[in-house]
Amino acid sequence: MSLPIIGVTGDIITAKFYGNFLNERSGINDPYIRAVERAEGIPIILPVSKPEFASKLINNIDGLILSGGRDISPYNYGEEPLNEIMAIDPDRDAFEFALLKEALAKNKPILAICRGAQILNVLLGGSLYQDISYNKDFKLQHAQESAPYIPVHRIKTEKNTFINSVLGDEAFVNSLHHQVIKSLGNNLKVTASSSDGVIEAIEKTDSSFVIGVQWHPEILAKDNQKMQTIFNALTSNSK
Ligand code: MN
């Protein structure tokens, strides 16, 4: 049996290491790795590196997870930074755009989570609200104060979509984002929304498996089989 290799994009995290010294560490939150393992995929972290490495990296993986993280530089969608934007990392932006471009060109299955869904939207020409407060219709708390494994708001899914087939018409999700999709990128459709109109899931209409979700299913998947099924679908499409 040949298990698919699933690349998970990494982040650079400043953390205390060896006493009080601050170190830059390459890595990603462990729940992504365990969700891929349970889905019978072989996880491999793709640390932030040179965009020119993207082609070779994508050739060597079977599926791609674009993970969560910091804000995308607004210059990528033609805006200057507004007051409420948070930390950005242009190097990670450039690397992930390159990986995503290669993965789309090579028809690799892609699961884009939180910041990842926003990367997918922006690469395809869409834009973001730099902070949820810039649209007064958005009333729910999307940057939850509760622990990340606690679902906090409902979403409704659209019929005849991947996310509807997995979650049904409604689901209860966690919410760890302060930015929101504004205009939708090319060949994307909205597949789930919250009651205040925030776009919570997208799919690429002209690819076999390119899925974006605004919540964090990897954190819920350990105890929620429907959320795990999202990862199972990624690995089964990656064979
Ligand atoms: Mn949300």
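Reading the values: the criteria
- Residues numbered from 1 in each chain as written.
- Predicted model: local features only at pLDDT ≥ 70, side-chain atom pairs only at ≥ 80, totals over all residues.
- Heavy atoms only, no water.
- Helix = DSSP H or I, 4+ residues; strand = E, 2+ residues; numbered from the N terminus.
- Rg over C-alpha atoms; globule rule 2.2 N^0.38 Å.
- Buried < 20%, exposed > 50% of the residue type's maximum accessible area, 1.4 Å probe, protein only.
- Contact = heavy atoms within 4.5 Å.
- Areas by Shrake-Rupley, 256 points an atom, 1.4 Å probe, with all protein chains shown as cover.
- Donors = N, O, S within 2.8 Å, 3.2 Å for Na, K, Ca; no water.
- Core = buried A, V, L, I, M, F, W, Y, C linked by side-chain atoms within 4.5 Å.
- Salt bridge = Lys/Arg side-chain N within 4 Å of Asp/Glu carboxyl O.

Caption draft 1: Focus on the overall build of the chain. When helices and strands are counted, the chain shows 7 helices and 13 strands. A compact globule built from 239 residues should have a C-alpha radius of gyration of about 18 Å, and the chain, at 17 Å, falls within 12% of that. Seen along its three principal axes, the alpha-carbon backbone of the chain occupies a region of about 45 × 45 × 35 Å. When each of the 239 residues of the chain is scored for burial, the buried share is 51%. Restricting to contacts in the chain with at least 6 residues of sequence separation, those with at least 24 account for 67%. Of the roughly 11300 Å² of accessible surface on the chain, 51% is carried by carbon and sulfur atoms.

Caption draft 2: Molecular detail of the coordination of the manganese ion. Bound to the manganese ion are the protein donor atoms His142 (ND1), His153 (NE2), Ser175 (OG), His177 (NE2) and Glu200 (OE), situated 2.2 to 2.3 Å from the metal. Sequence spacing among the residues donating to the manganese ion works out to H-x10-H-x21-S-x1-H-x22-E. With Ser175 in the loop between strand E9 (170-173) and strand E10 (180-181) and Glu200 in strand E12 (residues 199-204), this pair connects stretches of sequence that are 25 residues apart. Taking the relative accessible area as the measure of exposure, Ser175 reaches 1% and is therefore buried.

Caption draft 3: Fine view of helix H4 (residues 115-123). The buried fraction of H4 amounts to 8 of the 9 residues, a majority that puts the element mostly inside the structure. Arg115, Gly116, Ala117, Gln118, Ile119, Leu120, Asn121 and Val122 are the residues of H4 that are buried. Within two residues after H4, Gly125 carries a phi angle of roughly 100°, on the positive side.

Caption draft 4: Molecular detail of the nonpolar core. Ranked by size, the top nonpolar core spans 32 residues in total, and within it Ile65, Ile163 and Trp215 carry the most contacts. Dropping the residues within four chain positions of it, Trp215 is found in contact with Ile113, Cys114, Ile155, Ile163, Leu167, Val173, Asn174, Glu200, Ala201, Leu220, Met227 and Ile230. Grouped together as the second largest cluster of nonpolar side chains are 26 residues, Leu46, Ala54, Ile181 and Ile202 included.

Caption draft 5: Region of the structure containing the pattern of salt bridges. Applying the stated criterion across every chain yields a total of 12 salt bridges. The partner of Asp93 in a salt bridge is Arg115, and the shortest N-O contact between them spans 2.9 Å. A residue pair is termed long-range when its members are at least 10 positions apart, and Asp93 in helix H3 (residues 90-105) and Arg115 in helix H4 qualify at 22 residues.

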